[in-house]
Amino acid sequence: EGFVSHPNKVFAQKYTAENNSLNFEMTAYSVTGADTYTEDGYLKLNGRAPINSLYIDDLLVYDHSPDGDCIKFQAWIHVETDGEKVLGENSISVKNASYAIIYQVSDTSFIDWKTMPRKDPTIECEKLMRDAIKNGYIAVKEAHIKDYTALFNRVEITLDKGKNSRHSRGYCKIRIPCLHTFRQG
């Protein structure tokens, strides 16, 4: 199972398998040419968005100076498992596991439209990951369910199954074409 938790700002996934048969290797990739590496037990993706995305002769312009004006981004991935976890140079492998919980957090240096991107995404990624691991998968999932349930439980739909109800076949034959028209434009 997997979900993106708004309260914890984490993408959490849980995989299970019988007889310790869960085996996988994962890495991270970005089309902007970011660096992927392992550090402090995490798989990390660290990159910069182009400062110019005009496609003239397939050229993207990057600012690689340390204090450049481009937007920097990071993603951190952490795996908890009862199997063997191996950190490679730019990957995480899990072998012979009955479960694996994967947390992914990310952040950028973007602040707002009128401020140069000077924020360090490392600080937020570290905080979000530390909180997700400390709270644990069950608590993160419960916070996620509580958050979205408050929105989803505002609406209730009841369709009367009675033969003479206005929700019977005749009424639906009128409503369904209206929905199709609405979706198309």
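Quick note: structure is the one above.
Summarised in this report is the structure supplied together with it. Since the structure is predicted, the reported quantities are computational estimates derived from the model, not experimental observations. (Residues numbered from 1 in each chain as written. Predicted model: local features only at pLDDT ≥ 70, side-chain atom pairs only at ≥ 80, totals over all residues. Heavy atoms only, no water.)

### What to know about the packing of aromatic side chains
We apply this condition: Aromatic rings from Phe, Tyr and Trp, with only the six-membered ring used for Trp, were paired whenever their centres fell within 6.5 Å, and each pair was classed as stacked if the ring planes differed by under 30 degrees, edge-to-face if by over 60, and tilted otherwise. In DSSP terms, a helix is any run of H or I states spanning at least four residues, a strand is any run of E spanning at least two, and both are numbered starting from the N terminus. A 1.4 Å probe rolled over the protein chains alone gives each residue an accessible area, and that area as a share of the maximum for its type sets the label: buried under 20%, exposed over 50%, partly exposed in between. Working rule: Lys NZ or Arg CZ, within 6 Å of ring centre, within 35 degrees of ring normal, means a charge sits over the ring.
What the rule picks out here adds up to 3 aromatic pairs. Taking the centre distance of 5.6 Å and the plane angle of 50 degrees together, the rings of Phe3 and Tyr137 count as tilted. Residue Phe3 is located in strand S1 (residues 2-5), and its partner Tyr137 is located in helix H1 (residues 121-152); the two are separated by 134 residues in the primary sequence. Here Phe3 falls in the buried class, since its relative accessible area comes to 9%. Classification of Tyr137 as buried rests on a relative accessible area of 7%. Measuring from centroid to centroid gives 5.3 Å for Tyr148 and Phe152, while their planes differ by 80 degrees, and the two rings are edge-to-face. You can see Tyr148 and its partner Phe152 sitting in helix H1, 4 residues apart, about one turn around the helix. Judged by its relative accessible area of 59%, Phe152 is exposed. The aromatic ring of Trp76 is capped on one face by Lys44, whose charged end is 3.9 Å from the ring centroid.

### A few points about the sheet that holds S1
As a general point, the strands of a sheet are linked pairwise by backbone hydrogen bonds and lie either parallel or antiparallel. This is how the line gets drawn: Whether two strands pair comes down to DSSP finding at least two bridges between them. Angles run from 0 to 180 degrees between N-to-C directions of axes, and those axes are lines fitted to C-alpha atoms, restricted for helices to the stretch in contact.
The 6 strands are arranged S1-S2-S11-S8-S5-S4 in an open sheet whose pairing can be described as antiparallel. Where the open sheet ends on each side, the last strands, each with one partner, are S1 and strand S4 (35-39). Averaged over all pairs of adjacent strands, the angle between their axes in this sheet comes to 20 degrees, without regard to strand direction. Of the strand pairs in this sheet, S1 and strand S2 (residues 10-16) are connected by 4 bridges, and their pairing is antiparallel. Within the sheet, the bridge partner assigned to Phe3 lies in S2 and is Ala12.

### What about the side chain of Thr36?
Let me state the cut-off plainly: Two N or O atoms count as a polar contact when they lie within 3.5 Å, although within protein this holds only if one can serve as hydrogen donor and the other as acceptor, and sequence-adjacent residues are included solely when both atoms are side-chain atoms. What makes two residues a contact is simply this: any of their non-hydrogen atoms within 4.5 Å.
Summarising the element assignment, Thr36 is placed in strand S4. At 2.7 Å, the side chain of Thr36 forms a polar contact with the backbone oxygen of Ala28. Those residues in contact with Thr36 that sit more than four places away from it in its chain are Thr27, Ala28, Tyr29, Leu43, Lys44, Leu45, Glu89 and Asn90.

By themselves, these are just geometric observations and shouldn't be taken as functional.
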